[in-house]
Structures are given as structure tokens and as C-alpha cells.
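# Chains, contacts and geometry: an overview
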Amino acid sequence: MAADKFGADRHTAKGVQCTACHGPDPENPIYPEEAQCVACHDKAALAKKTQNLSQANPHTALHNGDRTLCHMQHEPAVNYCAQCHNFKFNVK
């Protein structure tokens, strides 16, 4: 699947192979869950990086249980917080 213009392009640019997140079988790829993401992306470091957002810190939200919802890698990012809150996060 094409990686450009979505989050996966960043992984590709850094040399991360598709198999790192989706497993070795391209005919039967694994859909990664948050545990797969935090193997490389430290959740505490992400929370610290976004601690000064003016409205709220999405990485410390009580219902932040599945980062893969906000940071889809092969689809446009979605501000799921805005479904119930009036936060204007710039999701990428």
C-alpha cells in the first residue's frame, strides 16, 4: 500500500520496512495495535513532547487507549477528540 502523504511515509523515509509493523507475510499483513507502536515510540516521551499544547494533552487523556486510531499510517489522521470535545489538534 502506498505510504506517501500519510504517516507511513515517515517510517519509509527512516528506512523502516513494512514487515517491522505488519509481519513477514505481505499477503496476510498484521494490523498493528498500540503495543506494536510503543515498542519504538515511548508513550511517556510523546506525552512530554505534547505537554504544552494549549487545550489538552492527547497523549495523557484518560481515554487514550489506542493510539492507532489517531495515527493511522495509511490513511489521513483523524482528531478523534473532536467527536466529543472542541479541541483543535493538528493531527499528522
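Residues numbered from 1 in each chain as written. Predicted model: local features only at pLDDT ≥ 70, side-chain atom pairs only at ≥ 80, totals over all residues. Heavy atoms only, no water.

### Structural notes on the side chain of His59
Structurally, the position occupied by His59 is in the segment after helix H4 (43-49). With relative accessibility at 15%, the residue His59 sits in the buried group. (Helix = DSSP H or I, 4+ residues; strand = E, 2+ residues; numbered from the N terminus. Buried < 20%, exposed > 50% of the residue type's maximum accessible area, 1.4 Å probe, protein only.)

### Observations regarding the state of the cysteines
Scanning all chains against the criterion turns up zero disulfides. In this structure Cys18 is not part of a disulfide, and its nearest cysteine sulfur, from Cys21, lies 8.4 Å away. (Disulfide = S-S within 2.5 Å.)

### Regarding the side chain of Thr50
Relative to the elements of secondary structure, Thr50 occurs in the segment after H4. Assessed through its relative accessible area of 16%, Thr50 is described here as buried. Here Leu46 takes part through its backbone oxygen, which lies 3.0 Å from a polar atom of the side chain of Thr50. Once you skip the residues sitting within four places of it in the chain, Thr50 turns out to touch Asn57 and His59. (Polar contact = N/O pair within 3.5 Å; in protein donor to acceptor, adjacent residues only side chain to side chain. Contact = heavy atoms within 4.5 Å.)

### Some words on the confidence of the model for the chain
In this model, the chain carries a mean pLDDT of 80, and residues with pLDDT of at least 70 account for 83%. The secondary-structure element of the chain with the lowest mean pLDDT is helix H3 (residues 34-38), recorded at 84, while helix H2 (residues 19-22) shows the highest, at 91. (pLDDT = per-residue confidence, 0-100.)

### Topic: the environment of His59
Each C-alpha atom, one on His59 and one on Ala45, is 9.5 Å from the other, the two residues being 14 residues apart in sequence. Separated by 2.8 Å, the side chains of His59 and Thr50 make a polar contact.

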